[in-house]
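Structural features, examined
Here are the chains, one letter per residue:
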Amino acid sequence: MKGFSARWLRIALINFLVAASIGLLLRFAFVQEVKWVSYKSFQDAHSNLALLGWIFQAISACLVTCYIPDLPHLRRKYNIIFIFNQTLIFLITLSFLLSLSRIISNVFLILLSVSLINFAYSFIKDVPEEDKAKSFSYRFAITGLFFLICSFIGLYTIIPILLLAGSANKVLFYYLGVQFFLHFQYNGWFTFAILTFIFRNAESSNIRIDKQKGKTFLFMMIIGVILNFLMSIYWGYRNHQSLLWISSAGTLLQVYAIYYCRDYLKTVWLHLVNSGTKQVKYMLWFSLTAFSLKMIMQLITIVPEIASLAFTIHNYVIAYLHLTFIGVMTFFIIAWAIHRKLLWLSAFSKAGILGLAIGFILMELILFIQGTMLWAGLGFLGTYYELIFAFSLLLPLGLMLIIVRSSNTSYH
């Protein structure tokens, strides 16, 4: 399935390039007026294409490579599934860019969720029985897929909310629906996908897995994800601080799970890192550093004043989302793809990865600095919009360099 996955991974990267280009246009709209841009619609197109067109398609391609036998009928089957998903992702993006009714966009999203259920069912059905019985990483894979499908429940609630135009709580319920989707994407699907590939690499190298400890680790991570969602509910019910404490307990439980399995996790992580090239090592450590920062940010929100900042200062919110999406996920997926020879490492792709990293770091810094200035009542940096646009420019440029080289690579 390597050729199949390499092709779809490149298509996912193109989706990411388009999403990054839309994001760049949104940044430019603050530097100079672009009358034909509907900010909210383009922002929705940007975020949905990034989440579904890049992360979902990329993870799915890697899952197929790891678990599905390379047989002609299965290649045809998954090609059809991926083509159908890509078509729906294109229609979703187009509906947002053309500012069509939000109900139309959400209908396409719900159709996509049905297709994702079909992908999950096909994946579970087509994984060999021996893998299901012996592979511990498979449990993380199906848990991640469960959270992926679960996340769309939030979108299912949005259509009736949009129809209830006169509801006094419309904004709150709409926010909670969106946050439910984002939470189980970012903290469920994303996290368990990474754990899947880390454990799968250990299995491929015949590293012994302590299944009893692994089951405990898996259970604590799942409970932690569920409890963390209460942070989003706290946004609408600030007088219920117990929601904040329970959410923080979920993060502490995940930290303890990592500590509980620290020796084993260190072994499987270092094996993955040390089996890659120098660039792969750098990207994996970069991803781990971003994940650690993400966990720290979640932990400190136990303080109500800090939790309020997370809700009220938009720069902090965007910095957190980008930290997870680009810092944790994007660098891990690209590193994993190079490690599995699904992407080709060349002078072009090295330059592209470096540009991506520099652009990401500078964007995070300027977002954090500006957010802190707003918190301190110091107003805006005089060149904030110009700087954030210039730093954002490095992302699509870096992606173009990665895609140009990988598109010339053939797999047999």
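Here is a short report on the structure shown in this document. (Residues numbered from 1 in each chain as written. Predicted model: local features only at pLDDT ≥ 70, side-chain atom pairs only at ≥ 80, totals over all residues. Heavy atoms only, no water.)

Remarks on empty space enclosed by the protein
Applying the stated criterion to the full structure yields two cavities of 30 Å³ or more. What lines the largest cavity is simply Asn187, Thr191, Met221, Asn228, Gln254, Phe291, Lys294, Met295 and Gln298. Mapped by element, the contributors of at least two residues to the lining of the largest cavity are α8 (170-204), α9 (211-228) and α13 (278-300). Looking at the lining of the largest cavity residue by residue, the class counts come to three nonpolar, five polar and one charged. Estimated volume of the second largest cavity: approximately 30 Å³. At the level of elements, α8, α13 and α15 (314-339) are the ones that each hand at least two residues to the lining of the second largest cavity. Looking at which element gives the most residues to the lining of the second largest cavity, the answer is α8, with four residues. Grouping the constituent residues of the lining of the second largest cavity by class yields six nonpolar, two polar and one charged. (1 Å grid on protein atoms, 1.4 Å probe; cavity = no way out; pocket = protein on both sides within 12 Å on 5 of 7 lines; lining within 4 Å. Points joined across faces, edges and corners; volume = space filled by probe spheres on them. Helix = DSSP H or I, 4+ residues; strand = E, 2+ residues; numbered from the N terminus. Nonpolar A, V, L, I, M, F, W, Y, C, P; charged D, E, K, R; others polar.)

Structural notes on the layout of surface pockets
Within this model, the second largest pocket holds a volume of roughly 540 Å³. As for the second largest pocket, its lining consists of 21 residues, and the residues nearest its centre are Ile258, Leu265, Trp269, Leu288 and Phe291. Of all the elements in the fold, those that place two or more residues in the lining of the second largest pocket are α8, α9, α11 (241-260), α12 (262-274), α13 and α15. Split into classes, the residues belonging to the lining of the second largest pocket amount to 16 nonpolar, three polar and two charged.

Focus on α15
In an α-helix there are 3.6 residues to a turn, and that puts residues three or four apart on one side. Between its first and last C-alpha atoms α15 spans 36 Å; for 26 residues at 1.5 Å apiece the expected length is 38 Å, and the two agree. Roughly 30 degrees is the biggest bend found in α15, and it falls at Leu323. In terms of residue burial, α15 counts as a mostly covered element, since 23 of its 26 residues are buried. Of the residues flanking the end of α15, it is Lys341, one or two places downstream, whose phi is positive at about 65 degrees. (Expected span 1.5 Å × (residues − 1). Bend = angle between axes of the 7 residues up to and from the residue. Buried < 20%, exposed > 50% of the residue type's maximum accessible area, 1.4 Å probe, protein only.)

Observations regarding the side chain of Thr301
Counting through the fold element by element, Thr301 comes out in the loop between α13 and α14 (304-312). Thr301 gets classed as buried once you look at its relative accessible area, which sits at 11%. Among the polar contacts listed, one links the side chain of Thr301 to the backbone oxygen of Gln298, at a separation of 2.5 Å. Dropping the residues within four chain positions of it, Thr301 is found in contact with Met231, Leu244, Ser248, Ile306 and Ala307. (Polar contact = N/O pair within 3.5 Å; in protein donor to acceptor, adjacent residues only side chain to side chain. Contact = heavy atoms within 4.5 Å.)

Overview of the nonpolar core
Counting 127 residues, the largest nonpolar core has Trp54, Tyr78 and Phe123 as its most contacted members. Sort the elements by how many residues they give to this core and helix α2 (residues 39-67) lands first, with 17 residues. Every residue in contact with Tyr78, bar those within four places of it in the chain, is listed here: Met1, Phe4, Val64, Ile68, Phe119, Ser122, Phe123 and Asp126. With ten residues, the next largest nonpolar core counts Leu230, Tyr234, Leu243 and Ala307 among its residues. (Core = buried A, V, L, I, M, F, W, Y, C linked by side-chain atoms within 4.5 Å.)

Let's talk about the pattern of salt bridges
One pass over the full model with this rule turns up eight salt bridges. Across the pair Asp70 and Arg75 runs a salt bridge whose closest N-O atoms are separated by 2.4 Å. Accessibility expressed as a relative area gives 44% for Asp70, which makes it partly exposed. The partly exposed category is assigned to Arg75, whose relative accessible area is 31%. (Salt bridge = Lys/Arg side-chain N within 4 Å of Asp/Glu carboxyl O.)

What to know about α14
Residues of α14 that are buried include every one of Ala307, Leu309 and Phe311, and no others. Looking at the buried residues of α14, the elements they touch are α8, α10 (230-236), α11, α15 and α16 (347-375).

Describing a nonpolar patch on the surface
Together, Trp245, Leu293, Ile296, Ile300, Ile302, Val303 and Ile306 make up a nonpolar patch on the protein surface, roughly 580 Å² of accessible area in all. Looking at the nonpolar patch, the element that brings in the most residues is α13, giving three residues. (Patch = residues over 30% accessible without salt bridge, like charges linked within 9 Å, V, L, I, M, F, W, Y side chains within 5 Å. Areas by Shrake-Rupley, 256 points an atom, 1.4 Å probe, with all protein chains shown as cover.)

A closer look at the packing of aromatic side chains
In total, this model carries 40 aromatic pairs according to the counting rule given. What links up through ring pairs into an aromatic cluster is the set Phe136, Phe140, Phe146, Phe147, Phe180, Phe184, Phe192, Phe199, Phe217, Phe229 and Tyr264. Lying across the ring of Tyr259, Arg262 places its NZ or CZ 4.1 Å from the centre. (Phe/Tyr/Trp six-rings, centres within 6.5 Å; stacked < 30°, edge-to-face > 60°. Lys NZ or Arg CZ within 6 Å of the ring centre and 35° of its normal.)

Remarks on the state of the cysteines
Under the defined criterion, the tally for this structure stands at zero disulfides. Here Cys66 stays unpaired: no disulfide links it, and the sulfur of Cys62, its closest cysteine neighbor, is 6.6 Å away. Since its relative accessible area comes to 8%, Cys66 is described here as buried. (Disulfide = S-S within 2.5 Å.)

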